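# A structural walkthrough
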Amino acid sequence: FNVYVIQKQNGSWSQPRKAFFNSIYNEHGMSFSPDENSIYFSSTRPTNIEGVSKTWHIWKSDKIDGNWQEPTYVDIPNLKDKLVSHPILTNSKTLYFHVSNLDYSDMDIYHSKSINGTFGDAEKTSISTAANIEKCTPYVSANEEYLIFASIGNQLDLYISFNDGSGKWTHTKRLSDKINQSGQGNPYVTPDNKFLFYTTGKHQNESWSVKWVHIESELKRN
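Heads up: these notes are all about the structure in this document. (Residues numbered from 1 in each chain as written. Predicted model: local features only at pLDDT ≥ 70, side-chain atom pairs only at ≥ 80, totals over all residues. Heavy atoms only, no water.)

### A few points about the pairing of strand 20 (residues 184-189)
- Bridge analysis of strand 20 against strand 21 (residues 195-200) gives four bridges, and the strand direction is antiparallel. Bridged to Gln 184 within strand 21 is Thr 200.
- What sits between strand 20 and strand 21 in their antiparallel hairpin is a turn of five residues, with Asn 193 showing a positive phi close to 60°. (Pairing = 2+ DSSP bridges. Helix = DSSP H or I, 4+ residues; strand = E, 2+ residues; numbered from the N terminus.)

### Describing the side chain of His 86
- For His 86, the location among the structural elements is in strand 10 (residues 83-89).
- Within the structure, the side chain of His 86 is placed 2.8 Å from the side chain of Ser 85, a separation counted as a polar contact.
- If sequence neighbours within four positions are ignored, His 86 has contacts with His 28, Gly 29, Ser 42, Tyr 96, Phe 97, His 98, Thr 137, Pro 138 and Asn 186. (Polar contact = N/O pair within 3.5 Å; in protein donor to acceptor, adjacent residues only side chain to side chain. Contact = heavy atoms within 4.5 Å.)

### Regarding the sheet that holds strand 16 (residues 134-140)
- If you trace the five strands from one edge of the open sheet to the other, you get 15-19-18-17-16, paired in mixed fashion. Both edges of this open sheet fall to strand 15 (126-127) and strand 16, since each of them pairs with a single strand only.
- The pairing of strand 17 (residues 146-152) with strand 18 (residues 156-163) spans seven bridges and is antiparallel. The partner of Ile 148 across the bridge, within strand 18, is Ile 160.

### Section: the packing of aromatic side chains
- A full pass over the atoms with the stated rule returns 12 aromatic pairs.
- An aromatic cluster of at least three residues, connected via ring pairs, comprises Phe 20, Phe 21, Phe 32, Phe 41 and Trp 68.
- Residue placement shows Arg 45 over the ring face of Trp 59; its charged tip is 5.4 Å from the ring centre. (Phe/Tyr/Trp six-rings, centres within 6.5 Å; stacked < 30°, edge-to-face > 60°. Lys NZ or Arg CZ within 6 Å of the ring centre and 35° of its normal.)

### Let's talk about the sheet that holds strand 22 (residues 209-214)
- An order of 20-21-22 is seen for the three strands of this open sheet, with the pairing classed as antiparallel. Two strands lie at the open edges of the sheet, namely strand 20 and strand 22, each paired on one side alone. For this sheet the average axis-to-axis angle between neighbouring strands, irrespective of direction, equals 25°. (Axes fitted to C-alpha atoms, helices over the stretch in contact; angles between N-to-C directions.)

### Considering the nonpolar core
- Residues Tyr 146, Leu 147, Leu 175, Ile 179 and Leu 196 are the most contacted members of the largest nonpolar core, which totals 26 residues.
- Of the residues forming this core, the biggest block, five residues, is contributed by strand 17.
- The contact partners of Tyr 146, leaving out residues within four places of it in the chain, are Tyr 139, Val 140, Ser 141, Ile 160, Ser 161, Phe 162, Trp 169, Val 189, Asn 193 and Leu 219.
- Membership of the second largest hydrophobic core comes to 13 residues, among which are Tyr 40, Leu 79, Val 84 and Ala 122. (Core = buried A, V, L, I, M, F, W, Y, C linked by side-chain atoms within 4.5 Å. Buried < 20%, exposed > 50% of the residue type's maximum accessible area, 1.4 Å probe, protein only.)

Printed below as a string of structure tokens:
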């Protein structure tokens, strides 16, 4: 996996170029912090830390004086032997991501809180869904009002769940058929909560593409 950047210039998208943090290893699942001064992403690059499995882990880069710094490994203490991917940071400095065993089994969404710049042990995020549904590629709004994720089944379908104020996510519902058509993942909503960007394609098909849609009508509990 490689990460590319395009920019909108005079109403048109520029030619893609590789992101500054792209490496000879795999990168994906990137997102900006709410203040846009950090970017979090998942990578298979080696951590060179004893006890950390060789798999996907979370990395970050900070922007200092307008320049992006060398990426550093994000240590989630109780997940050193797990696959960890698709991070998204909120205003409360809580990092959400999906976690699985190294063989991709038991995939679900977890979160970890940053205290004084250090993330603590991760906890499974409590989302009301049908039993035994595996979940991946979370997007959480900056104020943690709603969470969008992909359910894992015959195809990936996008769902939305809402924060009940006590740390649980309820009123979970599948997004409309306009969005869920042929396998969807990697949701990301623009900061103004108006547009959802996501990928769509088949599990075993390399022809995945990026789409976007107006999302405001979906951001309601019923």
